[in-house]
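Here's the letter readout for the chains.
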Amino acid sequence: CTFLALGTHFGKVFLLDIQGNVTQKFEIVQVIGLYTREGFHENFDCPIKVSCATASRVWHSMSSCCRPQLLLYERNWLNRWKTSVLHEGEGSITNIQWRANLIAWSNNVGVKIYDIGTKQRITNVLRDNISLRPDMYPCSLCWKDNCTLIVGWGTSIKICVVKERNPTEMRDLPSRYVEIVSAFETEFFISGLAPLADQLVTLYFVKENSDQMDEEFRARPRLDIIQPLPESCEEISSDALTVRNFQDNECRDYRLEHSDGESLFYMISPKDIVVAKERDQDDHIDWLLEKKKYEEALMAAEISFKNIKRHDVQKIGMAYINHLVEKGDYDSAARKCQKVLGKNMELWENEVYRFKTIGQLKAISQYLPRGDLRLRPAIYEMILHEFLKTDYEGFATLIREWPGELYNNMAIVQTVTDHLRRDPTNRTLLTTLAELYTYDQRYDRALEIYLRLRHKDVYQLIHKHNLFSSIEDKIVLLMDFDKEKAVDMLLDNEDKISTDRVVEELADRPELLHVYLHKLFKRDHHKGQKYHGRQIVLYAEYDRPNLLPFLRDSTHCPLEKALEVCQQRNFVEETVFLLSRMGNCRRALQMIMEELEDVDKAIEFAKEQDDAELWEDLISYSIDKPPFITGLLNNIGTHVDPILLIYRIKEGMEIPNLRDSLVKILQDYNLQILLREGCKKILVADSLSLLQKMHRTQMRGVRLDVFYCCIAFENMAKPFSVVVFHCRHMFHKECLPSSGLFCNICSAKKRGPGSGILEMNK
C-alpha cells in the first residue's frame, strides 16, 4: 500500500493516498502501527522529530527536545522501551535519516553517522558555508543505498560512502569510515535530494536578481535531474514548479521526499504537494509528437516497442507519412511507406491511390513491394501506364527493376506497341519492348530489335538463351555491329554454327570474311585449311601486313597461287619469300638486288641460304656498284673469303668508307684467328684430359677369382706372367705371339683387338 504521511504546523498528521485523498488523521504524535495494534506513545515538553525503523518487531525511535538531544528508543527482551542518548550539545537536530544499521543526522555543526551494530559514531561531515543560518537553509539528507549517504546543504552537495576499515588499521578507531567520493557546488540553494539510479533529483530554492531593481526576488522552485561527477555535475533536465505563494516561501519551506522502489517524488511546499514520476517511453513519444518530431517519435517507438503501452508503431509511422505529405516532401513520405506499411497490403493500396490522387505515383513507384509480398497486378500496371504517359526513361527503369510477374506482360507489350506506332524510332521504347519480349520468352522478336538498335546486350541474349540457331542468317548484322565480339562468339561456338556456314553467310562481304578467317587461323593454323587459298586474296586485298606472316605459318597454302597473286600485285617481299620457299633462290636474290636494291637484305638472304653460288651471284651483281661493295665488305667476312671480293674490285673505283670496311675485315679476321686458337687450345686440353682418363681406366686392376689360359689350359709349375684383355680373355704371356699383344680369339672372330691389356706377375 502506498500512502503519504503529512504533518502540519498544528501538530496533526494526515495519511494521504497517491491521489491526495485523506485516509486517516492523527491528533497526537506517536509511533503507531497502522495495520497492527503495536504502538509507542510518550509526551515531551518540546517539539520532536521522529525517525522509525522495524526489525524483528523491534521499534526504534529518536527525538530532539528543548535540550537538544538525539534519543534512541528500543524495545528490550522484556518488551519494555529502553532509552539511549546518541548525541547532544550541538544545537537543534534538523534532519534524521535511518537506513539499515546506519543513522545519519544533521545539526548546526554538521552531519553525523552512527552505527547501531557497533554502537559507534563513525564520522562527522562539517558544514561548508557557516554564513548560512541552519534554520533557514536546513541540511537535506537521503540514503542512496545501505552505504551511500547524499548530503545537501546550502549550495553544496557531497556523496559519502561508508566503507569497512582494514583490520590492521583499526586500533581504537571505528570499524567503518566514510569516504567523500563526490563534492561539488550548485547554482541554487538545495531544499531536497533524492536518488534516481546513478543520478540525483534535486529540489532548488531559487533567488533571482530583478532587471529593474538591485534586489533579489524569489522565483519558482526548480526540480532538476543531475549527473554527479567527482568535482562537478552535469544537468540532465530541469523543470520550474508552479506552487502557490512561491514569492513568499523560503528554502526551509520546501521538502523533497521519494518512495523507495518506485520512481515517485513528492515536492512539498506550505500550500501544495506536487507529485512527480519518471517519464516512461509513452510520455516521451507524446512529447515528440506534440513537437512534431515524428521521425524521432517513430525511432523511439521502434526501439521500445515492447515497453510502450499507449502507442502503436504503425500509427506513429502513418502520422509521420501524413506529415511529410502535408509538407510536400513526397519522396521521403514514399520512402517511409516501405518501413511503416510493412506487409499490410490494404494500407499499401490505400497509400498508392492517395499518391495517385495527388499526382505523385512516380514518388512511390520505386518503393512498392516486389518480392514475396506483392500488390494486385492492377496497381503496378496503373503506375506503368502513368510513366508511359510522361516519362519513357522512368518506364524503362521500372521494367528493368520490376520482376515480370508483378503485372500482365502482354497488356504492357500492347501498350508499348501502341506508343511505338506514334514514335517508331524511339530507342528507349524499342529497348524496353525487347526486354518485355525477353521476359515473355519471345527471344526472336527481342533479338530482331536488339540487332536493329545494335544494342550491346544482343550477345548476352544469344548466350543466355542459346539463340545460335536463330542467328545463322544474321551473322552479317552481328558483325556489322561489333566484328570482334561477333567473331569471338562464332569461334567459341563452332559446334553450334559451323565454319562452313559462317563462310557461306559472309561470302558477299569479303572484308568480314577476312576478319573471321584471320582469327580462325590465329587460333589454329590447321582449322579452315581449305580456305587458305582463298585467304591469300583476302590478305592481299584487306590486310597486306599479315600476308607474309600467313605465308610463313601456313603449311596448306598453294604456293603457285600465292606467287601468282603476289606477282600480279608486285608484292616483292612476299614474292621473294615464295621463290625461296619454292627453291628458286637465285631469282629471289635477283629481285632483292634489282627491285628492292637492299644490299643488307640480300646479304641476310644469302646467309640464310648458305649457298656458295648465291654468294657468287651477289658478288657478281655488286662488283660495279660501290654501295653494294661497301655492304659486302662489312658483312661478308664470316661467310666468304673477303680476298675473293677485293681481287675483283676494279682499280680506280671509288668505294665509300673503304678504309673502315677494310679495318672491319681485318678485325673480323683477327677475331676469327683468336676464336680458332681458343678453340684449338680447348680441343687439345680436352683431348689430353680424355686420353689421361682413358689411360687410367685401362691401367686399372682387374679382379680374377679363377685364372685359366685360353691357349694352355694347364697352369705352369714355375712363376708366370698373365695377360688379361678388356674382353676378359686371359692368356699366359708366353702363349701369346711375340709379334704383338692382342687377343687371338677376338682377332679370329674379326671383332678387333682388345682395347687394352694388363700384365700381372704371379
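These figures come from a predicted structure and were not determined experimentally.

**Q** I tried to follow the layout of surface pockets on my own but got confused; where do I start?
**A** Of the pockets and cavities examined, the second largest pocket occupies roughly 680 Å³. Lining of the second largest pocket is provided by 17 residues; of these, Ile-225, Ser-237, Asp-239, Lys-277 and Arg-279 occupy positions nearest its centre. Those elements giving two or more residues to the lining of the second largest pocket turn out to be strand 19 (199–205), strand 22 (222–228), strand 23 (233–240), strand 26 (273–277) and helix 1 (281–290). Residue composition of the lining of the second largest pocket, by class: 9 nonpolar, 3 polar and 5 charged.

**Q** Whenever I open this one, the sheet that holds strand 19 confuses me. Can you help?
**A** Hydrogen bonds along the backbone pair up the strands of a sheet, which may run parallel or antiparallel. The sheet built from 4 strands is open, its strands ordered 18-19-22-23 with antiparallel pairing. What marks the edges here is a single partner per strand, and that holds for strand 18 (189–196) and strand 23. In this sheet, neighbouring strand axes are inclined to one another by 25° on average, regardless of whether the strands run parallel or antiparallel. As defined by bridge partners, strand 22 adjoins strand 23 across 7 bridges and the pair is classed as antiparallel. Each residue of the ladder has a partner; that of Arg-222, found in strand 23, is Ala-240.

**Q** Please clarify how the side chain of Gln-535 should be interpreted in this entry.
**A** For Gln-535, the location among the structural elements is in helix 17 (residues 532–542). Classification of Gln-535 by relative accessible area gives buried; the value is 2%.

**Q** What's the story with a nonpolar patch on the surface in this structure? I'm lost.
**A** A surface patch of nonpolar side chains, amounting to about 290 Å² of accessible area, comprises Leu-688, Leu-691 and Met-694. Structurally, Leu-688 is set in helix 26 (residues 658–698). Assessed through its relative accessible area of 47%, Leu-688 is described here as partly exposed.

**Q** Would you take a moment to explain the pattern of salt bridges for this structure?
**A** Side chains carrying opposite charge are able to pair once their charged atoms draw close together. Enumeration according to the criterion identifies 34 salt bridges in this entry. Asp-286 is the salt-bridge partner of Arg-310, the closest N and O atoms lying 2.7 Å from each other. Here the residue Arg-310 occupies a position in the loop between helix 2 (294–303) and helix 3 (313–327), and Asp-286 occupies one in helix 1, the gap between them amounting to 24 residues. Judged by its relative accessible area of 49%, Arg-310 is partly exposed. On the basis of relative accessible area, Asp-286 is assigned to the partly exposed category, the value being 29%. A salt bridge links Asp-492 to Arg-523; its shortest N-O distance comes to 2.9 Å. With Asp-492 in helix 14 (residues 483–492) and Arg-523 in helix 16 (residues 510–523), this residue pair connects regions lying 31 residues apart in the sequence. Salt bridges here are not isolated pairs; linked through shared partners, they connect Glu-484, Asp-488, Asp-492, Lys-519 and Arg-523.

**Q** Explain the packing of helix 20 (residues 572–581) against helix 21 (residues 585–596) here, please?
**A** Helix-helix packing is described using two parameters, namely the angle between the two axes and the distance between the axes. As a packed pair, helix 20 and helix 21 sit with axes 7 Å apart at the nearest point and diverge in direction by 160°. By the criterion of interaxial angle, the relationship of helix 20 to helix 21 is roughly antiparallel. In terms of crossing hand, the pair formed by helix 20 and helix 21 is left-handed. Within the contact between the two elements, helix 20 uses Val-572, Glu-573, Thr-575, Val-576, Leu-579 and Ser-580 and helix 21 uses Cys-585, Arg-587, Ala-588, Met-591, Ile-592, Glu-595 and Leu-596.

**Q** Could you clarify how one ought to interpret the pairing of strand 27 (residues 721–725) in this entry?
**A** If a strand is regular, its side chains alternate between the two faces of the sheet. Taken across its 5 residues, strand 27 has 5 buried, putting it largely inside the fold. Across the two faces of strand 27 the burial is the same, with Ser-721, Val-723 and Phe-725 and Val-722 and Val-724 all buried. The antiparallel hairpin formed by strand 27 and strand 28 (residues 730–732) contains 4 residues in its connecting segment, where Arg-728 sits at a positive phi of about 75°.

**Q** Looking at this structure, how should I read the confidence of the model for the protein chain?
**A** Residues shown with low pLDDT carry predicted positions that ought not to be read at fine detail. Averaged over the protein chain, the pLDDT score is 82; the fraction of residues at 70 or greater is 87%. Within the protein chain, the lowest mean pLDDT, 38, falls on strand 7 (residues 58–61), and the highest, 95, falls on strand 15 (residues 148–153). Contacts from residues 751–762, a stretch scored under 50 in pLDDT, to residues over four places away or in other chains number 36 contacts.

**Q** Would you mind showing me how to read the pairing of strand 1 (residues 4–7) here?
**A** The pairing of strand 1 with strand 2 (residues 13–16) spans 4 bridges and is antiparallel. Each residue of the ladder has a partner; that of Ala-5, found in strand 2, is Leu-15. The antiparallel pairing of strand 1 with strand 2 creates a hairpin that spans 5 residues between the two strands, and Gly-11 there sits at a positive phi of about 85°.

**Q** Which parts of the structure should I look at to understand the sheet that holds strand 26?
**A** With antiparallel pairing, the 3 strands of this open sheet are ordered in space as 24-25-26. Every other strand in the sheet has two partners, leaving strand 24 (255–259) and strand 26 as the edge strands with one partner each. The average undirected angle you get between the axes of adjacent strands in this sheet is 20°. As judged from the 5 bridges shared by strand 24 and strand 25 (residues 264–268), these two strands associate in the antiparallel manner. For His-258, the partnering residue across the bridge sits in strand 25 and is Phe-265.

**Q** For this particular structure, what's the right way to read helix 22 (residues 599–609)?
**A** Each α-helix turn comprises 3.6 residues. Residues three or four places apart therefore point the same way. When we look at burial in helix 22, the residues that qualify are Val-599, Ala-602, Ile-603, Phe-605 and Ala-606. On an axial view of helix 22, the arc spanned by its buried residues comes to 160°, and they lie on one face.

**Q** For this particular structure, what's the right way to read the side chain of Glu-351?
**A** In this structure, Glu-351 sits in helix 5 (residues 345–357). A residue is classified by how much of its surface remains accessible, and Glu-351, at 5% relative accessible area, is buried. Within the local environment of Glu-351, its side chain forms a polar contact with the side chain of Arg-354, the two groups lying 2.9 Å apart. Sequence-distant contacts of Glu-351, defined by excluding residues within four places in its chain, comprise Met-318, Ile-321, Cys-337, Leu-341 and Ile-364.

Conventions adopted
Residues numbered from 1 in each chain as written. Predicted model: local features only at pLDDT ≥ 70, side-chain atom pairs only at ≥ 80, totals over all residues. Heavy atoms only, no water. 1 Å grid on protein atoms, 1.4 Å probe; cavity = no way out; pocket = protein on both sides within 12 Å on 5 of 7 lines; lining within 4 Å. Points joined across faces, edges and corners; volume = space filled by probe spheres on them. Helix = DSSP H or I, 4+ residues; strand = E, 2+ residues; numbered from the N terminus. Nonpolar A, V, L, I, M, F, W, Y, C, P; charged D, E, K, R; others polar. Pairing = 2+ DSSP bridges. Axes fitted to C-alpha atoms, helices over the stretch in contact; angles between N-to-C directions. Buried < 20%, exposed > 50% of the residue type's maximum accessible area, 1.4 Å probe, protein only. Patch = residues over 30% accessible without salt bridge, like charges linked within 9 Å, V, L, I, M, F, W, Y side chains within 5 Å. Areas by Shrake-Rupley, 256 points an atom, 1.4 Å probe, with all protein chains shown as cover. Salt bridge = Lys/Arg side-chain N within 4 Å of Asp/Glu carboxyl O. Parallel < 35°, antiparallel > 145°, perpendicular 65-115°, else oblique. Left-handed = near helix turned anticlockwise from the far one by under 90°. Contact = heavy atoms within 4.5 Å. pLDDT = per-residue confidence, 0-100. Arc of directions from axis to C-beta. Polar contact = N/O pair within 3.5 Å; in protein donor to acceptor, adjacent residues only side chain to side chain.

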